[in-house]
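Tertiary structure, described
The lines below spell out each chain.
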Amino acid sequence: MKKSAVIYKSNYGSSEKYAKWIAEETGSDLFKLKDIKIDNLKDYDTICFCGGVYASAIDGFSKIKKDFKKISDKKIVVAAVGAAPNSNATKKSLKKANFTDEIADKVHFFVLRGGFNYEKMNPIHKLIMFILVNSVKSKKNLNEMQKGIVASYGKVIDFSNRDDIKPIVELIKS
């Protein structure tokens, strides 16, 4: 029987929620990134990593990236969880920002829409959000995503949807 692990790094809960859903649906072992070492993953056939997106970086993925050669013989799934819509442009931008060519060729990459709670954000994330919103506001003719950023500023937003994990679950089970 194939053995799978779901690992996550979550600051505000969306990545954790998706990781738990994926683990439930696949029967995978579930780990917080801080509680696992790459060497503990040698007995797994499939490794799924879920991490939040902050300023185009997939939070916690640098730890996986650093030791990628140790797990490159596994089926590797990466799910980036953020507030941006799941579009080809978002996916392309995140791949370019986070993956080397070797990693991009090897991993199965997904973008999942999470959310945020402005009240719970740490000061650095609030500052980044403030800068982003003011940068977007200064533009003319905002696109839908930019309008959404401005409209959601300072609010609690949750776009997470359990149905969005179906392709990931199918991949892990295959």
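The following paragraphs examine the structure supplied in this document. This is a predicted model, so every value here is computed, not measured.

Quick look at the overall build of the chain now. A tally of regular secondary structure across the chain gives eight helices and eight strands. Whereas a compact globule of 174 residues would reach a radius of gyration of roughly 16 Å, the chain reaches 16 Å, a difference of no more than 12%. C-alpha extents for the chain along the principal axes are approximately 55 × 30 × 30 Å. Looking at the chain alone, contacts between residues at least 24 apart form 77% of all its contacts between residues at least 6 apart. About 9900 Å² of surface is accessible on the chain, with carbon and sulfur atoms providing 51% of the total.

Right, let's talk about the pattern of salt bridges for a bit. Per the stated rule, a full pass over the model turns up eight salt bridges. Of the charged contacts in the structure, one is a salt bridge between Lys9 and Asp59, with a shortest N-O distance of 3.1 Å. Here Lys9 is found in strand β1 (residues 4-9), whereas its partner Asp59 is found in the loop between β4 (57-58) and α2 (61-66), with 50 residues between them in sequence. Glu24 is paired through a salt bridge with Arg162; the nearest N and O atoms lie 2.9 Å apart.

Our focus in this paragraph is the packing of aromatic side chains. For the structure on display, the rule yields six aromatic pairs. For the ring pair Phe31 and Tyr44, a centre distance of 6.2 Å and an interplane angle of 85 degrees mean the geometry is edge-to-face. On the criterion of sequence distance, the pair formed by Phe31 in strand β2 (residues 29-32) and Tyr44 in the loop between β2 and β3 (46-54) is long-range, its members being 13 residues apart. Phe31 sits in the partly exposed class, given a relative accessible area of 21%. Arranged with centres 6.1 Å apart and planes meeting at 50 degrees, the rings of Phe49 and Phe61 form a pair that is tilted. With Phe49 in strand β3 and Phe61 in helix α2, the pair connects residues that are 12 residues apart, well separated along the chain. Taking relative accessible area as the criterion, Phe49 reaches 2% and is therefore assigned buried.

Turning next to helix α1 (residues 14-26). Under the 1.5 Å per step criterion, the end-to-end length of α1 is 18 Å for 13 residues, consistent within 8% with the ideal 18 Å. Those residues of α1 lying buried are Ser14, Ser15, Tyr18, Ala19, Trp21, Ile22, Ala23 and Thr26. Just beyond α1, the residue with positive phi is Gly27, at close to 70 degrees.

Looking now at the packing of α1 against helix α8 (residues 166-173). Direction vectors running N to C along α1 and α8 enclose 45 degrees, while the axes themselves pass 10 Å from each other. Classed by the angle they form, the pair α1 and α8 counts as oblique. When you trace α1 past α8, the crossing you get is right-handed. Residues Ile22, Glu25 and Thr26 of α1 form the contact with α8, whose participating residues are Ile168, Val169, Ile172 and Lys173. Of the residues that constitute the contact of α1 with α8, the class distribution is four nonpolar, one polar and two charged.

In this section: the environment of Asp163. Tracing the backbone shows Asp163 in the loop between β8 (156-158) and α8. Put simply, Asp163 and Trp21 are 142 residues apart on the chain and 9.9 Å apart in space, counted from C-alpha to C-alpha.

A word on α8. The set of residues buried in α8 consists of Ile168, Val169, Leu171 and Ile172. Axial view of α8: buried residues confined to an arc of 165 degrees, hence all on one face. Seen from the buried face of α8, the exposed residues on the opposite side, beyond 90 degrees, are Glu170 and Lys173. Buried residues belonging to α8 abut β1, α1, β3, β5 (75-82) and β6 (108-113).

Tallied over the entire structure, the rule returns zero disulfides. Just so you know, Cys48 is unpaired, no disulfide at all, and the nearest cysteine sulfur is the one on Cys50, 4.2 Å from it. Among the residues examined, Cys48 registers a relative accessible area of 0% and is labelled buried.

Criteria and cut-off values
- Residues numbered from 1 in each chain as written.
- Predicted model: local features only at pLDDT ≥ 70, side-chain atom pairs only at ≥ 80, totals over all residues.
- Heavy atoms only, no water.
- Helix = DSSP H or I, 4+ residues; strand = E, 2+ residues; numbered from the N terminus.
- Rg over C-alpha atoms; globule rule 2.2 N^0.38 Å.
- Contact = heavy atoms within 4.5 Å.
- Areas by Shrake-Rupley, 256 points an atom, 1.4 Å probe, with all protein chains shown as cover.
- Salt bridge = Lys/Arg side-chain N within 4 Å of Asp/Glu carboxyl O.
- Phe/Tyr/Trp six-rings, centres within 6.5 Å; stacked < 30°, edge-to-face > 60°.
- Buried < 20%, exposed > 50% of the residue type's maximum accessible area, 1.4 Å probe, protein only.
- Expected span 1.5 Å × (residues − 1).
- Axes fitted to C-alpha atoms, helices over the stretch in contact; angles between N-to-C directions.
- Parallel < 35°, antiparallel > 145°, perpendicular 65-115°, else oblique.
- Left-handed = near helix turned anticlockwise from the far one by under 90°.
- Nonpolar A, V, L, I, M, F, W, Y, C, P; charged D, E, K, R; others polar.
- Arc of directions from axis to C-beta.
- Disulfide = S-S within 2.5 Å.

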